Amino acid sequence: MAETARTTVSRLRTDGSTSDGTADSKSRYGNRPTMKDVAARAGVGLKTVSRVVNGEPGVTPDTERRVQEAIEALGFRRNDSARVLRKGRTASIGLVLEDLADPFYGPLSRAVEEVARAHGALLINGSSAEDPDREQELVLALCARRVDGLVVIPAGDDHRYLEPEIAAGVATVFVDRPPGRIDADVVLSDSFGGARDGVAHLVAHGHRRIGFIGDQPRIHTAIERLRGYRAAMAEADIDVDESWVSLGPTDPERVRHAAESMLSGPSPVTAVFAGNNRVTVTVIRVLAALPRPVALVGFDDIELADLLSPGVTVVAQDAAQLGRTAAERLFRQLDGASDAPERIELPTRLITRGSGELRPAD
């Protein structure tokens, strides 16, 4: 009999029919066991199962054992969405990133998750792909699933769509970039100060023709880092040739073209400041093909930067601290803090490894 049952199951098609064309009365998926199923198997009432599942008193040890055996046999899992309706909290938070594949967001996401876990909450994350419409769609989808709070790395510049959610009690903290057209907590790195320090470091090593390659101009961090570059050049009384500056998408083809353009001609730049980790990686590849040394400082640390020759000098921001600070601020809100929205700015750190200490060849 057992062999016949196994054979029948193996012949089920994905459309719910068997190989002989008969329809299966119950789909293989989406039919999870319920508390009623557990009660029927254990031979007890529904309320008894509820007491066992929720750890409530009033159940004898023998009855609890029978219920637990039924739960294990059926693979039953408590439906927390029903509990949400009663308690008003889901013990879950949403994290909206720019790109889950970007190494910068790994430690940030992990830090948010660790804080959430310490508060007994589940983290649900997704990426906006730098698309404001996709960001809004994802944020509102998380709100529809009744997350208690949100940590958002914004792609757009107008976040008024969140006002009804915040008014309804969804705790919200922005990180890495400020929100647009609303007041909310935000945790940032000092992009302006970090870029200014990195470019000033190149100036101190004799460079006056310094290129800047950054992200898209609508992105807050890109503009702040460009502002830091211009401030350092102005402080050194260096007039910036606009051919030394390039903002745009960080795909390798665009960055390679920008780097090759400013590194060619009769007066090429002798140093490059790369506006983020993805730009830095492409610029390293371009510089490796040149017959002359060109100095490089990148914003964001990159993996294996210390193993290259020369090692890559970077302005490092603490992604984990960004995530941790944002998550702690979020749970302060959830715990009832009524502080006014705050802007928290974390310092960056210049790490010298060799590439930023090269002097001009000419």
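In this text the structure is predicted, and so the values were computed from the model without any measurement. (Residues numbered from 1 in each chain as written. Predicted model: local features only at pLDDT ≥ 70, side-chain atom pairs only at ≥ 80, totals over all residues. Heavy atoms only, no water.)

> Run through the sheet that holds strand 12 (residues 349-351), naming residues and quoting values.
The strand order across the open sheet built from six strands is 7-6-8-9-10-12, with neighbouring strands paired in mixed fashion. The open sheet has two edge strands with one neighbour each: strand 7 (245-247) and strand 12. Between one strand axis and the next, the sheet turns by 15° as a mean value, whatever way the strands run. Summarising the sheet, strand 6 (residues 210-214) and strand 8 (residues 271-274) pair through four bridges and their orientation is parallel. Paired with Ile-213 across the two strands is Ala-274, which belongs to strand 8. Across the sheet, helix 11 (residues 252-262) touches strand 6 and strand 7, and the angle it forms with strand 6 is around 170°. Docked against the sheet, helix 12 (residues 277-288) engages strand 6, strand 8 and strand 9 (295-299), running at close to 160° with respect to strand 9. (Pairing = 2+ DSSP bridges. Helix = DSSP H or I, 4+ residues; strand = E, 2+ residues; numbered from the N terminus. Axes fitted to C-alpha atoms, helices over the stretch in contact; angles between N-to-C directions. Contact = heavy atoms within 4.5 Å.)

> Run through empty space enclosed by the protein, naming residues and quoting values.
One pass over the full model with this rule turns up two cavities of 30 Å³ or more. For the largest cavity, the calculated volume is near 140 Å³. Taken together, 17 residues form the lining of the largest cavity, with Thr-221, Arg-225, Asn-276, Arg-278 and Asp-300 sitting closest to its centre. Of all the secondary structure elements, the ones that give two or more residues to the lining of the largest cavity are helix 10 (220-235) and helix 12. Considering each element in turn, the lining of the largest cavity owes the most residues, three residues, to helix 10. When its volume is computed, the second largest cavity comes out at roughly 30 Å³. (1 Å grid on protein atoms, 1.4 Å probe; cavity = no way out; pocket = protein on both sides within 12 Å on 5 of 7 lines; lining within 4 Å. Points joined across faces, edges and corners; volume = space filled by probe spheres on them.)

> Describe in detail the packing of aromatic side chains, supporting the description with residues and values.
Taken as a whole, this structure holds three aromatic pairs when the rule is applied. Each ring, one from Phe-104 and one from Tyr-105, has its centre 5.1 Å from the other, and the planes form 75°; the classification is edge-to-face. Given a relative accessible area of 11%, Phe-104 falls into the buried group. Residue classification places Tyr-105 among the buried residues on the basis of a relative accessible area of 3%. Each ring, one from Phe-212 and one from Phe-273, has its centre 6.0 Å from the other, and the planes form 10°; the classification is stacked. (Phe/Tyr/Trp six-rings, centres within 6.5 Å; stacked < 30°, edge-to-face > 60°. Buried < 20%, exposed > 50% of the residue type's maximum accessible area, 1.4 Å probe, protein only.)

> I'd love a proper account of the packing of helix 3 (residues 46-53) against helix 4 (residues 61-74), names of residues and values included.
Orientation of helix 3 relative to helix 4, taken along the N-to-C sense of each, is 85°, at an axis distance of 10 Å. In terms of orientation, helix 3 lies roughly perpendicular with respect to helix 4. Here Thr-48, Val-49, Val-52 and Val-53 of helix 3 lie close against helix 4, whose contacting residues are Thr-63, Glu-64, Val-67, Gln-68 and Ile-71. (Parallel < 35°, antiparallel > 145°, perpendicular 65-115°, else oblique.)

> Would you mind going over the pairing of strand 6 in detail, with residue names and values included?
The buried fraction of strand 6 is high, at five of five residues. Across three bridges, the pairing between strand 6 and strand 7 is parallel. In the sheet register, Ile-213 faces strand 7, and the bridge partner there is Ser-246. For the crossover that starts at strand 6, traverses helix 10 and ends in the parallel strand 7, the hand is right-handed. (Right-handed = clockwise from strand over helix to strand, strands pointing away.)

> Go over the layout of surface pockets with me, naming the residues and quoting the values.
By volume, the largest pocket amounts to about 530 Å³. At five residues, helix 12 tops the list of elements feeding residues into the lining of the largest pocket. Among the residues making up the lining of the largest pocket, the classes are represented as eleven nonpolar, five polar and eight charged. (Nonpolar A, V, L, I, M, F, W, Y, C, P; charged D, E, K, R; others polar.)

> Talk me through the pairing of strand 2 (residues 122-127); I want residue IDs and the actual numbers.
Relative to strand 2, strand 1 (residues 92-97) runs parallel, the two being bridged by six bridges. Looking at strand 2, one finds that Ile-93 is bridged to Leu-123. In this fold, the crossover linking strand 1 to strand 2 by way of helix 6 (residues 105-118) has right-handed handedness.

> Account for the pattern of salt bridges, with residues named and values stated.
Applying the stated criterion to the full structure yields 21 salt bridges. The shortest N-O distance in the salt bridge between Glu-69 and Arg-65 comes to 3.1 Å. Of this pair, Glu-69 and Arg-65 both sit in helix 4, separated by four residues, roughly a single helical turn. What emerges from the salt-bridge pattern is a single network uniting Glu-98, Asp-102, Glu-130, Asp-176, Arg-177, Asp-215 and Arg-278. (Salt bridge = Lys/Arg side-chain N within 4 Å of Asp/Glu carboxyl O.)

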